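Inside the fold
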Protein chains: 2
Amino acid sequence: MADYRVPREDIQFLLQDVFHVDQDWARFSQLAEVDMEMALAIVDEAAKLAENQIAPNARAADEEGVKFANGQVTTPQNYKENFKQLAEGGWVGVTANPEYGGMGLPKVVSAQYEEILCAADISFSLYPGLTAGAIITIDQYASDELKDLYLPRMTSGQWTGTMCLTEPHAGTDLGIIRSKAEPQADGSYAISGTKIFITGGEHDLTENIVHLVLAKLPDAPAGSKGISLFLVPKFLPDADGNVGERNQVHCGSIEHKMGIHASATCVMNFDGAKGWLVGEPHQGLPAMFTMMNYERLGVGIQGLGAAARSYVNALEYAQDRIQGRGAKATRQPEKEADPLIVHGDIRRMLLTMKAFVEGGRAFSTYVGQQLDIAKYSDHQQERERADALVALLTPIAKAFITDTGLEATILGQQIFGGHGYVREWGQEQLVRDCRIAQIYEGTNGIQALDLLGRKVAGSRGQLLQPLLEDIQALLAEPQAELAKEYEQLGEAVKLVASVTEQVLTKVAADENIVNSVAVEYLHLIGYVTYGYLWLRMAKTAQPLTAERPYLASKVKTAKFYMARLLPRIQGLAAAINDGSQSLYLHELGDF
Amino acid sequence: MADYRVPREDIQFLLQDVFHVDQDWARFSQLAEVDMEMALAIVDEAAKLAENQIAPNARAADEEGVKFANGQVTTPQNYKENFKQLAEGGWVGVTANPEYGGMGLPKVVSAQYEEILCAADISFSLYPGLTAGAIITIDQYASDELKDLYLPRMTSGQWTGTMCLTEPHAGTDLGIIRSKAEPQADGSYAISGTKIFITGGEHDLTENIVHLVLAKLPDAPAGSKGISLFLVPKFLPDADGNVGERNQVHCGSIEHKMGIHASATCVMNFDGAKGWLVGEPHQGLPAMFTMMNYERLGVGIQGLGAAARSYVNALEYAQDRIQGRGAKATRQPEKEADPLIVHGDIRRMLLTMKAFVEGGRAFSTYVGQQLDIAKYSDHQQERERADALVALLTPIAKAFITDTGLEATILGQQIFGGHGYVREWGQEQLVRDCRIAQIYEGTNGIQALDLLGRKVAGSRGQLLQPLLEDIQALLAEPQAELAKEYEQLGEAVKLVASVTEQVLTKVAADENIVNSVAVEYLHLIGYVTYGYLWLRMAKTAQPLTAERPYLASKVKTAKFYMARLLPRIQGLAAAINDGSQSLYLHELGDF
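Residues numbered from 1 in each chain as written. Chains lettered and ligands numbered in written order. Predicted model: local features only at pLDDT ≥ 70, side-chain atom pairs only at ≥ 80, totals over all residues. Heavy atoms only, no water.

An unreviewed UniProt entry annotates chain A as 3-methylmercaptopropionyl-CoA dehydrogenase of Pseudidiomarina atlantica. Looking at the Sequence similarities (unreviewed entry) heading of the UniProt record, one finds this comment for chain A: "Belongs to the acyl-CoA dehydrogenase family." Its UniProt record, at the heading Catalytic activity (unreviewed entry), says of chain A: "3-(methylsulfanyl)propanoyl-CoA + oxidized [electron-transfer flavoprotein] + H(+) = 3-(methylsulfanyl)acryloyl-CoA + reduced [electron-transfer flavoprotein]". (UniProt positions renumbered as here; feature names shortened; annotations may be inferred.)

Put into structure tokens, the structure is as follows:
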């Protein structure tokens, strides 16, 4: 496996030149202390930790995996050192509230750190990643008492966090969960039930684990409106945060999975475990969605990280491995054969990877910037617009970055031929690790329903407007060198408008329409948004190329993207326009 | 994991109603003894073996894997019994020459057996599968002496076979192999070199293993025109076929892979091993391509088998698992939730799988029929036409069935949500096992080069004609119920013609064009061919539905395929028409 190298120049280009995030920071009072130099220095610190400590051990960690015996989980041998260095660097609390020791960095910077960590080792990234999500939820919904006790220790990485939602019979459909919470005389609750697929539910990295658990109070209304959220620690801390009595929550087993072998996926049994209500009774689902929405961009970034790592490996291999002869102009007759990279099909695969990776990085940065505006702007209107964009873009970030991430990792494996199928090169691990990101935190099908059903149809298309405005703003200033590509994007936007209108017209009369075309619709919007970001990058790069040769490829990759990948929207639009009909011809016995 | 059930009705429908293969058999003197009843009885025998013996053990075999120690490979515990029953049933020699004990069955029947075996357990299927390919090559090219000694024992399953092509530095590019063959005084050759990725290179299933090895004679011309083929047994048999002295070919190690864990992928070291020339000196590559071409349809069928198995599992899960509420008309209010299968997106995934699986089965049957005509017809013109179709369809069969097979297995995993990522349900194993089929026996990129470069461009488009004639023959007899779909197929064929013409126009002036658009081109032809087969199936099924309710779904699935999957050709055509330009903007330093 090639050494992992963080794309520092690309990150700088995005933050500084494409998105000008320092101009935001200068305006936002809470971010007044952040500047570009500091942000890039922070990215560089994360990069060194990832390149030198975490990435080199990821392959061995996959082989070693997590072990389970007598209720205890043992993580791979290098993980304790990984986690120690990560916690010492303050990375667990990178976006957390400074009141509790967090760095309080903008999301647009932490999004880069997250990609770097995921590229280095997705399995490892989940331990701090889930903790960061739990921190945000507790900060937003828990009582001051719980916050004072838990947040400093989670933010420092002394304790980790989990989210406990899924039960054996209830995954996507949380309305039918059975876990129960009985009120106790001391104001706490006794939590009972079985939760499955709990990432980091048990491990040996920290002295305590803090579970955020969905359960039903005795007087809960039926369905998803009767779910409450509870904080349940593995060990009950005293008022000073010293770890005390063992709580009645135990890991019953761990899952054996396709990938993320070094991440502990636990069955957690709650047997009257002591817990505390977080937020209002029966309001657990909205609170949990705070965490879910935070995680969803994070899961998208997992797909990006896997794809980015795979690209670094595949590029090096394609440059080094000689096999066959290229076209006359590219031949290296002094060698036994030419390097793979001269071959058109290898270039197709590499450029598809590059377009998805750098497009995905631009997308996560775009969403990160909007999250920061929504959180930090002093202008309500600006915050509301950013909130709307985040609502629209979050399901796309989760699903489209992971779907294109899987395609990229599969291509990165294919470039290696048979060596890509063998474990030692690491390319197949990236496929296996990436695959889960399409499934958890709400499957990509569920993301698509959220996008088309709740967001687009739910707003009668209004929620699409901020994105379309951003695209139109770019299209309003065409660039001669990219005239053809501007035209392609203009056509694509028209297609989005007509397809959206068709779907909206059908919604009233066809109950099945949203669920029948949602995935293709999400892909349609995803491809067009990547097209927008590629043209925005190309336009920005064009005048800077002379002094920064790295940027020479931006215009070229944009042209590739528009010529070879954007046309996929034609087939997607045709499928969407067909509606639900062809999915409901089959009776149950016809399958 | 659901029990594997062989789709007997679908196989019967294809053989009897769609392709009328019994009418071929009646005409071909060598197949005069085969009839439909016998063929279906044979399929049923294979089905029972697969359902009762092989499939139930596949999950455990994946967990156990193959073990390597002291030069020996140990296969999973149930494999010896699997192989014994398979050999006793005569399945290893299912298509082999009756002169040496083979069943001599038509390929159109053995294609069904192969799918059944692959669906049951791809890892296991490779041991007899490679042997069958070796048998054909020996039968066609080896001396009578070698044939008499080796073929009866390989055909009976007493010995297995391998193909030894790849070396550490030479995979796709066999012209640069370094293995050597030194002529010996007794007419044999001393073979030296290292071969990698040798499937079944060593194992404990049989008393002997027969390697077919590519190596260079001392006077060999450089490149691919200097390669010869040798037969190198693990143990040197005496004239009566009794296994004697150990030959100097040993397994140095086995690969640790993403999947097919129970298939031994070996590094084979030849240290002056005794071998015999097969065919003419320096003519090894054409001989090996006999085997490769046989294997390529077989590898396509691996993708089909994995997808077919995944579909059986996913359908059962989607019917049993309740989660969420469907549209009003589909609700089952007495239950806590509705079964997954009521949801549009689940139906989209299931029907995509179904369309690829049944389309792939029709495709492998179509190719199988042409292979039989090419081999058995008494009319030269008919043989030549079938040969041309086989040449065109073989790379599509290998690449398109495995590419759509991977998509199907990924969807089959997605339908299970988190449970699809967990090993115990078996869906993730099918993804991992299917993935290799896109890589070995010539990567799918190489198949695409073969199709567009050698076959289509190499014949100035002439080789496409028999396929287009078959499609036009169908289009000439439209059916009212399928009027829209006939029109769609007609448009798709026009698109093929215009895209092909565009590419052919560019070939002379652009050395990179073929390698730059080949994969999209193969997919274009693949989707259109599946469209043709779906309409052919629908047209055939329509009048039979009343008496065979199973066929009710054929027309419906055809409509789904044309509406939701065929439109992908639009994006493919746009990408192909862009040519090579956007792939060659990047200098090496731009990646």
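With that settled, the discussion passes to the side chain of serine 580 of chain B. All names here are of chain B. With respect to the helices and strands, the residue serine 580 is situated in the segment after α19 (568-577). A polar contact of 2.6 Å, which involves the side chain of serine 580, links it to the side chain of aspartate 510. Setting aside its immediate chain neighbours within four residues, serine 580 contacts Asp510, Asn512, Ile513 and Ser516. (Helix = DSSP H or I, 4+ residues; strand = E, 2+ residues; numbered from the N terminus. Polar contact = N/O pair within 3.5 Å; in protein donor to acceptor, adjacent residues only side chain to side chain. Contact = heavy atoms within 4.5 Å.)

Turning our eyes to something else, we now look at the pattern of salt bridges. Applying the stated criterion across every chain, the model contains 78 salt bridges over all chains. Its salt-bridge partner being glutamate 520 of chain A, residue arginine 564 of chain B comes within 3.1 Å of it at the nearest N-O pair. A residue pair is termed interchain when its members come from two chains, as with arginine 564 of chain B in helix α18 (residues 552-565) and glutamate 520 of chain A in helix α17 (residues 513-541). With a relative accessible area of 3%, arginine 564 of chain B lands in the buried category. With its nearest N and O atoms 2.7 Å apart, the salt bridge here joins lysine 234 of chain B to glutamate 202 of chain B. (Salt bridge = Lys/Arg side-chain N within 4 Å of Asp/Glu carboxyl O. Buried < 20%, exposed > 50% of the residue type's maximum accessible area, 1.4 Å probe, protein only.)

Our focus in this paragraph is the interface of chain B and chain A. Listed by partner, the interface residues are 95 residues for chain B and 95 residues for chain A. Between chain B and chain A, the buried area comes to about 7900 Å², and carbon and sulfur atoms account for 55% of it. When the area that chain B buries against chain A is broken down by residue, the three leading residues are Tyr421, Arg564 and Phe591 of chain B, summing to 12%. Our enumeration of links across chain B and chain A arrives at eight salt bridges. (Buried area = accessible area lost by both parts, 1.4 Å probe.)

What follows covers helix α11 (residues 380-414) of chain A. Residues and elements named next belong to chain A. The terminal C-alpha atoms of α11 lie 49 Å apart, and with 35 residues this matches the ideal 51 Å at 1.5 Å per residue to within 8%. Maximum bend of α11: about 35°, positioned at leucine 393, with proline proline 395 one to four residues after it. Summarising burial for α11: 26 of the 35 residues are buried, a large majority. (Expected span 1.5 Å × (residues − 1). Bend = angle between axes of the 7 residues up to and from the residue.)

Next up on the list: the UniProt feature "domain: Acyl-CoA oxidase/dehydrogenase middle" (unreviewed entry) in chain A. Here the UniProt feature "domain: Acyl-CoA oxidase/dehydrogenase middle" (unreviewed entry) sits at residues 163-271 of chain A. Segment residues 163-271 of chain A splits into 0% helix and 47% strand. End C-alpha atoms: 17 Å apart.

In an α-helix there are 3.6 residues to a turn, and that puts residues three or four apart on one side. Across the nine residues that make up helix α13 (residues 427-435) of chain A, a large majority, nine, are buried. Residues of α13 of chain A that are buried: Gln427, Glu428, Gln429, Leu430, Val431, Arg432, Asp433, Cys434 and Arg435 of chain A.

So, about the packing of aromatic side chains. Per the counting criterion, the structure on display carries 30 aromatic pairs over all chains. Between the aromatic rings of tryptophan 91 of chain B and tyrosine 113 of chain B, the centroid separation amounts to 5.0 Å while the plane-to-plane angle is 15°, which identifies the pairing as stacked. Linking tryptophan 91 of chain B in the loop between α5 (79-88) and α6 (107-120) with tyrosine 113 of chain B in helix α6, this pair joins segments that are 22 residues apart in sequence. Accessibility classification places tryptophan 91 of chain B together with tyrosine 113 of chain B in one group, the buried group. Stacked on the ring of phenylalanine 235 of chain A, the Lys or Arg arginine 246 of chain A has its end atom at 5.3 Å from the ring centre. (Phe/Tyr/Trp six-rings, centres within 6.5 Å; stacked < 30°, edge-to-face > 60°. Lys NZ or Arg CZ within 6 Å of the ring centre and 35° of its normal.)

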